[in-house]
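These are the residues of each chain, in order.
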Amino acid sequence: MKKTILLLLACCFVLSGCGEPTVPQEEYDSVVAERDELESRIESLENAIELCEKAAEYQARMEEQYKHAKFVLFVMGGDRGY
């Protein structure tokens, strides 16, 4: 008899978890939409960071390649417009 009652209670406990979802569909949809928006913003920020890194890399290259030109202009007259 005890086994039957325990089995019945176990079945009731298992079946009680099979009901309606605890989160309303409207709330779930709003959370999913917010997640999608945040993922989109993350992607655009990652692209901006990548662009800034490339710009810094190109600027460093240009400064390295043309640092001798700055020196030549300075030696030739600097402020006189040469």
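Rules and cut-offs
- Residues numbered from 1 in each chain as written.
- Predicted model: local features only at pLDDT ≥ 70, side-chain atom pairs only at ≥ 80, totals over all residues.
- Heavy atoms only, no water.
- Helix = DSSP H or I, 4+ residues; strand = E, 2+ residues; numbered from the N terminus.
- Buried < 20%, exposed > 50% of the residue type's maximum accessible area, 1.4 Å probe, protein only.
- Areas by Shrake-Rupley, 256 points an atom, 1.4 Å probe, with all protein chains shown as cover.
- Salt bridge = Lys/Arg side-chain N within 4 Å of Asp/Glu carboxyl O.

(A) Quick peek at the overall build of the chain. Assigned secondary structure in the chain consists of 2 helices and 0 strands. Burial status across the chain gives 1% buried among its 82 residues. In the form shown here, the chain has an accessible surface area of approximately 8,200 Å², with 63% of it arising from carbon and sulfur atoms.

(B) Molecular detail of the pattern of salt bridges. What the rule picks out here adds up to 3 salt bridges. Note that E57 and R61 form a salt bridge whose closest N and O atoms lie 3.1 Å from each other. In this pair, E57 and R61 both sit in helix 2 (residues 25-76), 4 residues apart, roughly one turn of the helix. Classification of R61 by relative accessible area gives partly exposed; the value is 45%.

Purely geometric numbers; function is a separate question.
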